[in-house]
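Working through the structure, step by step
For reference, the chains in residue letters:
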Amino acid sequence: MIFDRKEQKLLLDGRKYTSNDISKLIVGGGKAFSPAVWELLLFLNKWFDDSTTIVVHTSGSTGTPKELLVRKDQMMQSARLTCEYLNLQPGDTALLCMNLCYIGAMMVVVRSLVAGLNLIVRPASGHPLADVKEPLKFAAMVPLQVYNTLQVTEERQQLEQIDILIIGGGAVDNTLANEIKNLPGAVYSTYGMTETLSHIALRRLNGAFASEHYYPFNSVKLSLSSENTLVIEAPLVCDNILQTNDIAYIHLDGSFTILGRKDNVINSGGIKIQAEQVEKKLHSLFSGSFVITCVPDSRLGQAVTLLTEVQLNITELKDKIKTILPPYYCPKYIYIVKQIPQTENGKINRIGCRNLAQKLLLSQNI
């Protein structure tokens with residue numbers, strides 16, 4: 001693997017580009033390139049400059065999006081950990097199909113530079129495999145991209161040709177997980193965040209090694225806070241010990257399970273309800289998107305609220321929910337909405353969902 005940026009070359013569609021080549025292409029302007037390739041060239045221009053750091057953006061799924069300044073040498077260490085874990089080799093073909101504002105996409109490029117992968121570039125879209133003909137060794141996608149791909153026969157066939165697929169940027173729900181089980185390649189859910197420079201743990205979703213547990217890289221140390229939130233010590237990729245908001249359980253073998261986020265706990269009448277756990281139990285009732293959130297309530301403090309894009313009979317839905325959930329877990333309010341709020345990169349915007357639910361409740365009471 002190559003960790004000296006001056007020695008790195010990008011293998012793009014089988015052709016090698018040095019840092020000098022990238023500089024010359026940038027000078028020529030973007031008219032000769034597709035928007036996706038031009039975005040890649042701009043990122044590479046920043047990667048190869050003299051600065052030892054680069055700016056990345058958080059997704060804003062649980063708070064205000066922000067910029068972080070991260071070290072390039074630590075990004076390369078993150079790339080090494082993933083490539084070694086997945087046994088990626090020079091010349092293996094990798095797909096870049098996500099927005100290069102975010103760490104997940106940046107790390108696809110950095111892995112290609114460090115490990116000599118052959119990069120194939122497509123726009124960040126809901127159907128990244130629509131015009132991909134090359135066999136792919138490795139791809140990274142968000143859950144929505146995988147879901148959309150599985151709905152189109154030709155794209156699904158291409159997905160089935162991918163040897164290794166990692167899915168990050170959001171939770172893999174039960175419906176998607178069940179479809180993934182039938183894919184012949186190795187599929188993993190990732191755990192990580194911008195601060196850890198992509199993932200620090202992987203969970204196999206299919207095959208003989210499928211598991212509910214995430215397995216951290218060997219260099220990562222995990223513990224729990226007094227509130228049972230995950231604490232991460234990953235010195236190769238992050239200088240500071242990270243106190244996350246993810247409520248977790250650490251198993252005896254060092255693997256862990258994520259139960260939900262601390263800020264997604266709904267305190268309803270003194271009962272603490274984890275929104276993600278309720279969603280998991282209700283997935284069988286929905287053929288489309290839905291989310292559990294809450295609104296202020298004078299008696300309960302917070303009232304469990306369900307938003308869904310699915311057109312259905314609310315009375316019948318409430319009756320079905322009562323057969324699945326304890327009474328105090330059942331949504332007090334259910335609203336059918338045109339669209340569940342999402343961040344730019346396709347995650348559920350939890351703050352946006354709470355705001356929308358409160359707006360709907362207020363309009364109902366006027």
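Side note on the overall build of the chain
Counting its regular elements, the chain contains ten helices and 20 strands. Taken over the C-alpha trace, the chain has a radius of gyration of 22 Å; the compact-globule value for 366 residues is 21 Å, and the two agree within 12%. Oriented by its inertia axes, the alpha-carbon framework of the chain measures out at about 65 × 45 × 45 Å. The contacts of the chain with a sequence gap of at least 6 include a subset with a gap of at least 24, amounting to 58%. Counting only carbon and sulfur atoms, one obtains 50% of the accessible surface of the chain, whose full area is about 17800 Å². Distance between charge centroids for the chain: 3 Å, based on 36 positive and 34 negative side chains.

A short note on the pattern of salt bridges
Tallied over the full model, the rule gives 15 salt bridges. Put simply, Arg 122 and Glu 134 hold a salt bridge, and the shortest N to O gap is 3.9 Å. Taken together, the positions of Arg 122 in the loop between β6 (118-121) and β7 (138-141) and Glu 134 in the loop between β6 and β7 put the pair twelve residues apart, joining distant regions of the chain. With relative accessibility at 16%, the residue Arg 122 sits in the buried group. Linking Asp 263 and Arg 261 is a salt bridge whose minimum nitrogen-to-oxygen distance equals 3.1 Å.

Regarding the state of the cysteines
Evaluation of the coordinates by the stated rule reveals zero disulfides. Cys 97 forms no disulfide, and the closest cysteine sulfur to it belongs to Cys 101, at a distance of 15 Å. Taking relative accessible area as the criterion, Cys 97 reaches 1% and is therefore assigned buried. Cysteine Cys 330 remains unbridged, with the sulfur of Cys 294 as its closest cysteine sulfur at 16 Å.

Considerations on the packing of aromatic side chains
Per the counting criterion, the structure on display carries ten aromatic pairs. Taken together, a centroid distance of 6.2 Å and an interplanar angle of 15° make the contact between Phe 33 and Trp 38 stacked. The exposure class assigned to Phe 33 is partly exposed, which follows from its relative accessible area of 25%. An aromatic cluster is built from Tyr 85, Tyr 188 and Phe 217, whose rings are joined through pairwise contacts. Here the basic side chain of Arg 203 rests over the ring of Tyr 214, its NZ or CZ set 5.3 Å away from the ring centre.

Details of the environment of Asp 21
Tracing the backbone through its elements, the reader meets Asp 21 in helix α1 (residues 19-27). Taking relative accessible area as the criterion, Asp 21 reaches 26% and is therefore assigned partly exposed. Distance in space between the C-alpha atoms of Asp 21 and Asn 45 is 10.0 Å, their sequence separation being 24 residues.

Structural notes on the sheet that holds strand β5 (residues 93-96)
Taken in spatial order, the nine strands make up an open sheet running β2-β1-β6-β5-β7-β8-β9-β10-β11, and their pairing is mixed. The two strands at the open ends of the sheet, each matched to only one other strand, are β2 (15-17) and β11 (215-216). Strands β1 (10-12), β5 and β6 of the sheet are contacted by helix α2 (residues 35-47), whose axis makes an angle of about 135° with β6. Where helix α4 (residues 103-115) meets the sheet, its contacts fall on β1, β5, β6, β7, β8 (164-167) and β10 (198-204), and the angle it forms with β5 comes to roughly 155°.

Brief notes about the packing of α2 against α4
It is the contact of α2 with α4, at a shortest axis distance of 11 Å, that shows an interaxial angle of 65°. Handedness of the crossing formed by α2 with α4: right-handed. The segment α2 lies against α4, with Leu 40, Phe 43, Leu 44 and Trp 47 engaging Met 106, Val 109, Val 110 and Leu 113.

So, the pairing of β7
In summary, the side chains of a regular strand alternate between the two faces of the sheet. With burial as the criterion, each face of β7 is covered, one bearing Phe 138 and Ala 140 and the other bearing Ala 139 and Met 141. Relative to β7, β5 runs parallel, the two sharing two bridges. Its bridge partner being in β7, Ala 94 is matched across the sheet by Phe 138.

With respect to the side chain of Asn 118
Relative to the helices and strands, Asn 118 resides in strand β6. A polar contact of 2.7 Å, which involves the side chain of Asn 118, links it to the backbone nitrogen of Gly 14.

Description of the environment of Asp 50
Relative to the helices and strands, Asp 50 is located in the loop between α2 and β3 (53-57). Residues Asp 50 and Arg 5 lie 45 residues apart in sequence; the distance between their C-alpha atoms is 9.7 Å.

Points about helix α8 (residues 275-282)
Within the sequence span of α8, burial applies to Ala 275, Glu 276, Val 278, Glu 279 and Leu 282. Seen from one end, α8 has its buried residues packed into an arc of 160°, which puts them on one side.

Conventions adopted
Residues numbered from 1 in each chain as written. Predicted model: local features only at pLDDT ≥ 70, side-chain atom pairs only at ≥ 80, totals over all residues. Heavy atoms only, no water. Helix = DSSP H or I, 4+ residues; strand = E, 2+ residues; numbered from the N terminus. Rg over C-alpha atoms; globule rule 2.2 N^0.38 Å. Contact = heavy atoms within 4.5 Å. Areas by Shrake-Rupley, 256 points an atom, 1.4 Å probe, with all protein chains shown as cover. Lys, Arg positive; Asp, Glu negative; His and termini not counted. Charge placed at Lys NZ, Arg CZ, Asp CG, Glu CD. Salt bridge = Lys/Arg side-chain N within 4 Å of Asp/Glu carboxyl O. Buried < 20%, exposed > 50% of the residue type's maximum accessible area, 1.4 Å probe, protein only. Disulfide = S-S within 2.5 Å. Phe/Tyr/Trp six-rings, centres within 6.5 Å; stacked < 30°, edge-to-face > 60°. Lys NZ or Arg CZ within 6 Å of the ring centre and 35° of its normal. Pairing = 2+ DSSP bridges. Axes fitted to C-alpha atoms, helices over the stretch in contact; angles between N-to-C directions. Left-handed = near helix turned anticlockwise from the far one by under 90°. Polar contact = N/O pair within 3.5 Å; in protein donor to acceptor, adjacent residues only side chain to side chain. Arc of directions from axis to C-beta.

Function-wise, these values are silent; they only describe arrangement.
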